[in-house]
Amino acid sequence: MWIVPLRGKYLVWAITACCCQGFLLLGYDQGVMSGIIGANNQFGADFGHPDPTTQGTIVAIYDIGCAVGSLITFFWGESIGRKRMIMAGASTMLVGTAILTSSTTLAQLYVGRIVTGIGNGFNSSSIPVYQSETCGGMVRGALVCLNSTVTIIGLVIAYWLDYGMSFVSGPAQWRLPIGFQAVFALCLLLQVIVLPDSPRWCMAHGRAEEGARILAQLEDRDSPEHPDVVAKRKEIEVSLAQESAGGPFRYRELLQGGPLGNFRRICLCIGVNVMQQFTGCVLYLAPVVYQNTMGLSRNLSLILGGFTAVTYMVASFIPLWTVDRYGRRVLLMTSATGLSTCFIIASILLSIGTKGAAYGATAMVFIFQIFLGIGYLPIPWLYPAEITTTRIRARGSAISSFFNWMCVFAVVEMTPPAIANINWRVFIIFAIFNALWVPLVYIFFPETKGLELEDVDHIFEKGGITGGVWSSPGGRTVERKRIARDVEDTQENEKGVTEVRVDGEGKGEY
C-alpha cells in the first residue's frame, strides 16, 4: 500500500491532522443530537414526540455503542494494529451514518446510533495510542491536547449547524446535520490509509525492519542505519524485551503488581476517565439544563448552548501551551478545584430563585467550561496512552475508553431525571465529586511530562501504596531518558557475554 512520502515534522503533523480528524468526528457526533431532540420540531414529529426518558436514551444509546467498540478494541485491537483499527472505525461510522440519516423509526435510529458508536469506540481507543506512539515526549502532550481541542470544534460545528437548520422545515432539518458527519468519517478514512502504522506496534509484532523504516521517517533520517534511528530502535527493543520477559501476553498480566505495576496503571487509566465524566460535564445536554434548570426559553437555551460550546473550544486551546510546561497533574488539580467552585456558586445562586440569580448561574456554567477545557477535557485522553507500557497500551487505552463511555451513558441517563426531581441540587453532587478529585490526583497520579514512552516502564519502581508518587517532588517518580540507562546496561551485558565467549574459545585476550 502506498504511504505518503513525508518525513520528520511534516509526517508528525500529517499523523496529527489524521488524529484530529478522528476527534473532530467524535466531537461532532457527540453534540449533533443535543440541538435536535427535546423540541417541538420536525424530528419530534417524525418520531412521535419522544418523552424525556426516550430523549435521554436516544442520546445515551450512542455511548453504549462506543463502549462496545472499546471492548472490541480491548480484545482484538492489539493484534489488528493502530492504523487498521482507525480505518475500521471510520468505515463503521460511515455505515452507521447511512442508517441514521435514513431512519424512519425509533428502532432504526437506535441501531444507527449504536453502529456509529461502535465505530467511534474503535477510534477513541486507538487514536490517542497512535498519536502518542508516533511523536516525541516533549511535544506529545500538546499534540494529544490538540486532538481534544478539535473535539470541541466538532461540538461547535454540530451545535451551530443544528441551530441554523432549526429554521428549516421538513426532514432536512435533522437529516442534514446527522448525515454531515459522513464527510468527517470519509476524510478520516482517506487520511489514515496513506499513513504508516505505529513503529512501536510494528516492532512488537515481528516487523522490526518496517518499524525501523518508519522511525527513520519520523526522525527525518535518510536510513534506518542512522545512529539516531539505531539508538531509538534499541531503546524500544530493550523496553519490549523487559515487558515481554514473562513470555506471550496473558490477560492476568493486567492485574500484575510489583515494580512494573500493570494493575496500578490500569486503575489510573480507568480512574482519570471516570473522574472526567463525573466532573459534571453538562455540554451534552446544555440546552436542556438552561431551559429546565434555569428557566430560560428554548431559543435562548439553544443560543446559549452554542456559545457554551464556543467558550469550551476557546478554553481547550490553553493546554496546548500549558500541558508540557506545567504537567498533567497541575492541570487536573487546577481544573477540579475550579469546577467544584463553579458548582458551589451556581448552587447558591439557583437556590435564591430569582431571574438575576439564574443569569449569574448561567455565567458560572460558562466559567465551568473554561476550567473543564484546561484539564479534564484533554488529560483523560492523553494519560492512559502515556502511563501504560507498549505491551498493554492498546488494552489500557481501550478499557479506559470503555469506562469513559459507560460513565457518559450513566451521566446522560441520570442528568435529565435528576434535574426534574432535585433541580439545581444536582450541582451540589458534582461539586463534591470535583473536590474529591484533587487529593486523589495529588496522591496517586505520577507526572509524565517530558518522559519518553519507554521511560514510563520504570515509573512505579519506588513501590509503596502510592507507587512513590506521594514521596516524589511534583509526583515525578522517574527521570527523563531513564531507558538510556537500560540500553547501556544491556550493551554492557552483551559485551561481557561476548568477551567470555571469545576468551573461552582462546581467540583473544581482554
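This one's a predicted model, so the numbers in the text were calculated from it and none came from an experiment.

What counts, and where the lines are drawn
Residues numbered from 1 in each chain as written. Predicted model: local features only at pLDDT ≥ 70, side-chain atom pairs only at ≥ 80, totals over all residues. Heavy atoms only, no water. Helix = DSSP H or I, 4+ residues; strand = E, 2+ residues; numbered from the N terminus. Rg over C-alpha atoms; globule rule 2.2 N^0.38 Å. Buried < 20%, exposed > 50% of the residue type's maximum accessible area, 1.4 Å probe, protein only. Contact = heavy atoms within 4.5 Å. Areas by Shrake-Rupley, 256 points an atom, 1.4 Å probe, with all protein chains shown as cover. Core = buried A, V, L, I, M, F, W, Y, C linked by side-chain atoms within 4.5 Å. Expected span 1.5 Å × (residues − 1). Bend = angle between axes of the 7 residues up to and from the residue. Phe/Tyr/Trp six-rings, centres within 6.5 Å; stacked < 30°, edge-to-face > 60°. Lys NZ or Arg CZ within 6 Å of the ring centre and 35° of its normal. Patch = residues over 30% accessible without salt bridge, like charges linked within 9 Å, V, L, I, M, F, W, Y side chains within 5 Å. Salt bridge = Lys/Arg side-chain N within 4 Å of Asp/Glu carboxyl O. Axes fitted to C-alpha atoms, helices over the stretch in contact; angles between N-to-C directions. Parallel < 35°, antiparallel > 145°, perpendicular 65-115°, else oblique. Left-handed = near helix turned anticlockwise from the far one by under 90°. Nonpolar A, V, L, I, M, F, W, Y, C, P; charged D, E, K, R; others polar.

Trainee: Mind laying out the overall build of the chain, listing which residues take part and the relevant values?
Mentor: Across its full length, the chain carries 21 helices and zero strands. Against the compact-globule benchmark of 24 Å for 510 residues, the chain has a radius of gyration of 24 Å, which places it among compact chains. Its C-alpha atoms give the chain principal-axis dimensions of about 90 × 50 × 35 Å. The buried share of the chain, reckoned over its 510 residues, is 58%. Considering only intrachain contacts with a sequence separation of at least 6, the fraction spanning at least 24 residues in the chain is 83%. Taken as a whole, the chain presents about 19,500 Å² of accessible surface, with 66% of it coming from carbon and sulfur.

Trainee: I'd like a description of the nonpolar core, backed by residues and values.
Mentor: Counting 114 residues, the largest nonpolar core has Met33, Phe43, Tyr376 and Trp405 as the members making the most contacts within it. Of all the elements, helix α1 (residues 8–31) adds the most residues to this core, at 11 residues. If we skip the residues at most four places from it in the chain, Phe43 touches Met33, Ile36, Ile37, Ile58, Leu109, Gln173 and Trp174. Membership of the second largest hydrophobic core comes to six residues, among which are Ala216, Val229, Ile236 and Leu240.

Trainee: Describe the environment of Leu349, naming the residues involved and giving the relevant values.
Mentor: Following the sequence through the fold, Leu349 ends up in helix α16 (residues 328–352). In this structure the C-alpha to C-alpha distance between Leu349 and Ala245, which are 104 residues apart in sequence, comes to 58 Å. Those residues in contact with Leu349 that lie beyond four places of it in its chain are Ala357, Gly360, Ala361 and Met364.

Trainee: With reference to specific residues and values, describe helix α5 (residues 106–132).
Mentor: Owing to its 3.6 residues per turn, the α-helix aligns residues three or four sequence positions apart on the same side. Given a rise of 1.5 Å per residue, 27 residues ought to cover 39 Å, and the 39 Å separating the end C-alpha atoms of α5 matches this to within 8%. Along α5, the helix axis deviates most sharply at Ser126, where the bend reaches about 30°; the proline Pro128 sits within four residues downstream. Within α5, 21 of the 27 residues are buried, which leaves the element mostly enclosed by the surrounding structure.

Trainee: I'd like a rundown of the packing of aromatic side chains, residues and numbers included.
Mentor: Each pair of aromatic rings is reported with the distance of its centres and the angle of its planes. Using the criterion set out here, one finds 24 aromatic pairs in the structure. Residues Tyr383 and Phe445 carry aromatic rings whose centres are separated by 5.5 Å and whose planes lie at 40° to one another, so their mutual orientation is tilted. On the criterion of sequence distance, the pair formed by Tyr383 in helix α18 (residues 379–387) and Phe445 in the loop between α20 (426–444) and α21 (482–505) is long-range, its members being 62 residues apart. Like Phe445, Tyr383 is buried. The ring of Phe249 is capped by Arg395, whose NZ or CZ atom sits 3.9 Å from the centre of that ring.

Trainee: Explain unusual backbone geometry to me, and be specific about the residues and the numbers.
Mentor: Excluding glycine, a negative phi dihedral is what most residues carry, and trans is how most peptide bonds are arranged. Phi angles above zero are rare outside glycine, and His49 is one such case at about 45°. Structurally, His49 can be placed in the loop between α2 (42–46) and α3 (52–80). Positive phi, close to 60°, is recorded for Asp220, a residue that is not glycine. Looking at the secondary structure, you find Asp220 in the loop between α10 (208–218) and α11 (227–243). Given the relative accessible area of 45%, Asp220 is considered partly exposed.

Trainee: Quick one: what's the story with a nonpolar patch on the surface, residue by residue and with numbers?
Mentor: On the surface, a cluster of nonpolar side chains totalling about 400 Å² of accessible area is made up of Phe75, Trp76, Ile80 and Tyr251. One can find Phe75 in helix α3.

Trainee: Account for the environment of Pro259, with residues named and values stated.
Mentor: Counting through the fold element by element, Pro259 comes out in the loop between α11 and α12 (262–277). Given the relative accessible area of 54%, Pro259 is considered exposed. Once residues within four sequence positions are removed from consideration, Pro259 is found in contact with Asp457, Phe460 and Glu461.

Trainee: Before we move on, can you summarise the packing of helix α6 (residues 140–165) against helix α7 (residues 172–179) with the specific residues and values?
Mentor: The contact between α6 and α7 brings their axes to 9 Å, and the two run at 160°. Overall, the two elements α6 and α7 adopt an arrangement that is roughly antiparallel. The way α6 lies across α7 gives a crossing that is right-handed. Across the interface between the two elements, Leu161, Asp162 and Met165 from α6 touch Ala172, Gln173, Leu176 and Pro177 from α7. When its residues are assigned to classes, the contact of α6 with α7 shows five nonpolar, one polar and one charged.

Trainee: Can you tell me about the pattern of salt bridges, naming the residues and giving the values?
Mentor: Evaluated as defined, the whole model comprises 19 salt bridges. Between Arg482 and Asp486 there is a salt bridge whose closest N-O contact spans 2.8 Å. Placement of the pair is Arg482 and Asp486 together in helix α21, with a separation of four residues, close to one helical turn. Accessibility expressed as a relative area gives 11% for Arg482, which makes it buried. Since its relative accessible area comes to 7%, Asp486 is described here as buried. When salt bridges with common partners are traced through the structure, they connect Arg200, Lys232, Glu235, Glu452, Glu454 and Arg480 into a single cluster.

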